[in-house]
Amino acid sequence: MQQHYDQYTTEDHAVWQILFERQVKNLQGKACDLYLDKLEALAPALQAKAVPRFDDLNAVLLSATGWQIHVVPGLIPPADFFALLADRRFCSSTWLRTRAQLDYLEEPDMFHDIFGHVPLLMDTGYADMMQQIGELGVAAAHDPEKLDEIERLYWFTIEFGVLQRGDERQIYGAGILSSFGEAKEIVEPEAIIKPWDVKELMQTPFDKSMIQPYYYGLPDWETLPKVIAEIWHSTQVSV
Ligand SMILES: [Fe+2]
């Protein structure tokens, strides 16, 4: 599959611009510094003025970290998704929500996939960590229980993770980075941020159909790749 860029309408480009501009403004002081830096680094290929061309994004991304965007029609089975991550390919849809859907979607569109996920893939450490999560998923592909655990790890970090250092809270999960409402709510005192506990998190089911009732606060950037490498090591030992 590929992106058919000529098929985007003037309205699509206008919706992209609204989404992009209001979310960049919304994320100031809320998103983690690494995300905002890498969003800036992607600017040659990712801007407010038009729907991004995947060829342009891939050129920048490939030279930065060797990652590429892999076009999918929508959600794909977790085992396939993780196999692509292990190959440094990130799945993205090519369709964009309409003006009437600015704030609610049942399935991720390209604004979520690209704006939410791709900037952090410009960082070498993050990019390597994502590949390792993919490898964990591949290793668990034939064990439904283990695959559920890896999905939860991905969900509570890559999709809905926040960094919580003392009183300072910063978003790094793509599901929040791409959501206007959730990015606002997460910084409110009412948001429930559980202490980091990877064992608990991997045993905690999640519901994709609702706004997340709570999040896990990562204490620092070093912890996540370390934990993932440890899980990878324990997988190797137990084989
Ligand atoms: Fe996502």
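Below is a summary of the structure that appears in this document. (Residues numbered from 1 in each chain as written. Predicted model: local features only at pLDDT ≥ 70, side-chain atom pairs only at ≥ 80, totals over all residues. Heavy atoms only, no water.)

A separate point is the overall build of the protein chain. Secondary structure assignment for the protein chain yields 11 helices and 6 strands. Expressed as lengths along the three principal axes of its C-alpha atoms, the size of the protein chain is roughly 55 × 40 × 30 Å. Within the protein chain, counting contacts between residues at least 6 apart in sequence, those at least 24 apart form 64% of the total. Surface summary for the protein chain: the accessible area is close to 11,400 Å², and the carbon and sulfur share equals 52%. Between the centroid of the 19 positive side chains of the protein chain and the centroid of its 37 negative side chains there is a distance of 3 Å. (Helix = DSSP H or I, 4+ residues; strand = E, 2+ residues; numbered from the N terminus. Contact = heavy atoms within 4.5 Å. Areas by Shrake-Rupley, 256 points an atom, 1.4 Å probe, with all protein chains shown as cover. Lys, Arg positive; Asp, Glu negative; His and termini not counted. Charge placed at Lys NZ, Arg CZ, Asp CG, Glu CD.)

Another point: the packing of aromatic side chains. Ring pairs (aromatic) are described by centroid distance and by the angle formed between their planes. Tallied over the entire structure, the rule returns 18 aromatic pairs. Measuring from ring centre to ring centre gives 5.5 Å for Y5 and Y8, while their planes differ by 75 degrees; the resulting arrangement is edge-to-face. There is no split in this pair, since Y5 and Y8 are both buried. Plain terms: the ring middles of Y214 and Y216 are 6.3 Å apart, the flat faces sit at 85 degrees to each other, and that makes the pair edge-to-face. (Phe/Tyr/Trp six-rings, centres within 6.5 Å; stacked < 30°, edge-to-face > 60°. Buried < 20%, exposed > 50% of the residue type's maximum accessible area, 1.4 Å probe, protein only.)

Another aspect to go through is helix α7 (residues 144–159). Burial within α7 is extensive, with 12 of its 16 residues counted as buried. Listed as buried for α7 are L147, E149, I150, E151, R152, L153, Y154, W155, F156, T157, I158 and E159.

As a further point, take the pattern of salt bridges. Scanning the entire structure with this criterion turns up 8 salt bridges. Between R89 and D87 there is a salt bridge, with its nearest N and O atoms 3.0 Å apart. The class for R89 is partly exposed, based on a relative accessible area of 27%. For D87, a relative accessible area of 48% gives the class partly exposed. Salt-bridge contacts for R165 lead to E168; the nearest nitrogen and oxygen are separated by 3.9 Å. Owing to a relative accessible area of 33%, R165 belongs among the partly exposed residues under this scheme. For E168, a relative accessible area of 41% translates into the label partly exposed. (Salt bridge = Lys/Arg side-chain N within 4 Å of Asp/Glu carboxyl O.)

Alignment of strand β3 (residues 162–165) against strand β4 (residues 168–171), held across 4 bridges, turns out to be antiparallel. Bridge pairing in β4 places Q164 opposite R169. Here β3 hands over to β4 after 2 residues, with G166 in that stretch at a positive phi of 60 degrees. (Pairing = 2+ DSSP bridges.)

In terms of strand pairing, strand β1 (residues 68–71) meets strand β2 (residues 89–92) through 4 bridges, oriented parallel. Its bridge partner being in β2, I69 is matched across the sheet by F90. Considered for its hand, the β-α-β crossover made up of β1, helix α4 (residues 78–86) and β2 is right-handed. (Right-handed = clockwise from strand over helix to strand, strands pointing away.)

Mapped onto the secondary structure, N58 falls in helix α3 (residues 54–65). What makes N58 buried here is its relative accessible area of 13%. Beyond its immediate sequence surroundings of up to four residues, N58 is in contact with W67, Q68 and I69.

Let us now look at the coordination of the iron ion. Those protein atoms acting as donors to the iron ion are H112 (NE2), H117 (NE2), E159 (OE) and E159 (OE), and they sit at 1.9 to 2.7 Å. Because the angles between the 4 donor atoms bound to the iron ion fall within 53 to 139 degrees, the donor set is best described as irregular. Overall, the relative accessible area of 2% leaves H117 in the buried class. (Donors = N, O, S within 2.8 Å, 3.2 Å for Na, K, Ca; no water. Tetrahedral: all angles 85-135°; square planar, octahedral: opposite > 155°, others 65-115°.)

The mixed open sheet is built from 4 strands, whose spatial order is β4-β3-β6-β5. The open sheet has two edge strands, β4 and β5 (193–195), and neither has a second partner. Across the sheet, the axes of successive neighbouring strands diverge by a mean angle of 40 degrees, strand direction being ignored. As judged from the 2 bridges shared by β3 and strand β6 (residues 215–218), these two strands associate in the parallel manner. By the bridge assignment for β6, V162 is matched with G217. (Axes fitted to C-alpha atoms, helices over the stretch in contact; angles between N-to-C directions.)

This part covers the packing of α4 against helix α6 (residues 124–140). Running from N to C, α4 and α6 point in directions that differ by 140 degrees, and their axes come no closer than 7 Å. On the basis of the axis angle, α4 is oblique to α6. Seen along the crossing, α4 lies across α6 with a hand that is left-handed. Contacts between α4 and α6 pair F82, A83, L85 and A86 from the former with M130, Q131, I133, G134, E135, G137 and V138 from the latter. (Parallel < 35°, antiparallel > 145°, perpendicular 65-115°, else oblique. Left-handed = near helix turned anticlockwise from the far one by under 90°.)

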